[in-house]
Amino acid sequence: MSDFLREFDRLFIEEMHRWAIPVLRVCLGIVFLWFGLLKVLDVTPVAELVGGTYSFLPQKEFLLVLGIWESLIGVGLIFKLFLRTTLALLWLQMLGTLAAPLFSPAMFFTAGNPLLLTIEGEFVVKNLVLIAAGLVIGGYEVKTPSL
């Protein structure tokens, strides 16, 4: 590899190290804020999915609370506010999402087979990536308390 390419590679990697976590945090925040606002404004395409899964809860009120919750996560991530609390809210919200198939398995799995996901099942499983992103952000951006 030429000296130029080695130097370019080094600089490129340095910039990725510098920007990767902030970009991940802001992008994840945008996703949560956007999805949350769709719920708050009552224009979310997942209203039926949420209502069908959590049918034991009042749908309109639950969507509003969930939308506010997600919006708070988004704002916290974008502006790096109360990051510990923001990430705790994110993981609690994700726990609720991952629990959804327990409440209505037929909606998430084809023919009762946990390996055959419906589109709703894929929607839930992709949240594993959001959880991992939260772990990366927490691991690199949350400061450990001084003893």
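Please read these numbers as outputs of a predicted model, since none were measured by experiment.

Draft legend 1. Main features of the overall build of the protein chain. Looking only at helices and strands, the protein chain has seven helices and zero strands in total. Helices and strands appear in the protein chain in the N-to-C order α-α-α-α-α-α-α. Here the C-alpha radius of gyration of the protein chain, 19 Å, is well above what a compact globule of 147 residues would show, namely 15 Å. With 147 residues in all, the protein chain has 32% of them scored as buried. Look at the contacts in the protein chain between residues 6 or more apart in sequence, and 68% of them connect residues 24 or more apart. As presented, the protein chain carries roughly 9,700 Å² of accessible surface, and 74% of it is formed by carbon and sulfur atoms. In the protein chain, 10 side chains carry a positive charge and 12 a negative one; their mean positions are 8 Å apart.

Draft legend 2. Just a nonpolar patch on the surface, in detail. Taken together, the side chains of Met-1, Phe-4, Leu-5, Phe-8, Phe-12, Ile-13 and Met-16 make up a nonpolar region of the molecular surface, amounting to roughly 770 Å² of accessible area. Take Phe-4: it is sitting in helix H1 (residues 3–40). Phe-4 gets classed as exposed once you look at its relative accessible area, which sits at 62%.

Draft legend 3. Quick look at the side chain of Lys-39. Note that Lys-39 resides in helix H1. Beyond its immediate chain neighbours, meaning those up to four positions away, Lys-39 contacts Thr-44, Val-46, Leu-63, Leu-66, Gly-67 and Glu-70.

Draft legend 4. Region of the structure containing the packing of H1 against helix H4 (residues 83–103). Axis separation between H1 and H4 bottoms out at 13 Å; the angle between their running directions is 55°. Looking at the two axes, H1 sits oblique to H4. Helix-helix and strand crossings are classified by hand; for H1 and H4 the assignment is left-handed. Between H1 and H4, the contacting residues are Arg-25, Leu-28 and Phe-32 on the first element and Leu-83, Leu-90, Gln-93 and Met-94 on the second.

Draft legend 5. Quick peek at the nonpolar core. Formed by Leu-28, Phe-32, Ile-73, Leu-77, Leu-83, Leu-87, Leu-90, Met-94, Leu-130, Ile-131, Ala-133 and Ile-137, the largest nonpolar core amounts to twelve residues. Contributions of two or more residues to this core are made by H1, helix H3 (59–78), H4 and helix H7 (127–141). Those residues in contact with Phe-32, other than ones at most four positions away along the chain, are Glu-70, Ser-71, Ile-73, Gly-74, Leu-77, Leu-90, Gln-93, Met-94 and Leu-130. Counting residues in each nonpolar core, the second largest holds ten residues, with Ala-47, Val-50, Ala-100 and Phe-108 among its members.

Draft legend 6. Up close: the pattern of salt bridges. In the structure shown here, the tally under the stated rule is eight salt bridges. A salt bridge links Arg-10 to Glu-14; the nearest nitrogen and oxygen atoms lie 2.2 Å apart. Here Glu-14 and Arg-10 lie together in helix H1, a separation of four residues that amounts to about one turn. For Glu-141, the salt bridge goes to Lys-80, with nearest N and O atoms at 2.6 Å. On the criterion of sequence distance, the pair formed by Glu-141 in helix H7 and Lys-80 in the loop between H3 and H4 is long-range, its members being 61 residues apart. What you see here is one network of salt bridges that share partners, running through Glu-7, Arg-10 and Glu-14.

Draft legend 7. Here's a closer look at the side chain of Glu-70. As for its placement among the helices and strands, Glu-70 is situated in helix H3. When neighbours within four sequence positions are excluded, Glu-70 is seen to be in contact with Phe-32, Leu-33, Phe-35, Gly-36, Lys-39 and Gln-93.

The rules behind each value
Residues numbered from 1 in each chain as written. Predicted model: local features only at pLDDT ≥ 70, side-chain atom pairs only at ≥ 80, totals over all residues. Heavy atoms only, no water. Helix = DSSP H or I, 4+ residues; strand = E, 2+ residues; numbered from the N terminus. Rg over C-alpha atoms; globule rule 2.2 N^0.38 Å. Buried < 20%, exposed > 50% of the residue type's maximum accessible area, 1.4 Å probe, protein only. Contact = heavy atoms within 4.5 Å. Areas by Shrake-Rupley, 256 points an atom, 1.4 Å probe, with all protein chains shown as cover. Lys, Arg positive; Asp, Glu negative; His and termini not counted. Charge placed at Lys NZ, Arg CZ, Asp CG, Glu CD. Patch = residues over 30% accessible without salt bridge, like charges linked within 9 Å, V, L, I, M, F, W, Y side chains within 5 Å. Salt bridge = Lys/Arg side-chain N within 4 Å of Asp/Glu carboxyl O. Axes fitted to C-alpha atoms, helices over the stretch in contact; angles between N-to-C directions. Parallel < 35°, antiparallel > 145°, perpendicular 65-115°, else oblique. Left-handed = near helix turned anticlockwise from the far one by under 90°. Core = buried A, V, L, I, M, F, W, Y, C linked by side-chain atoms within 4.5 Å.

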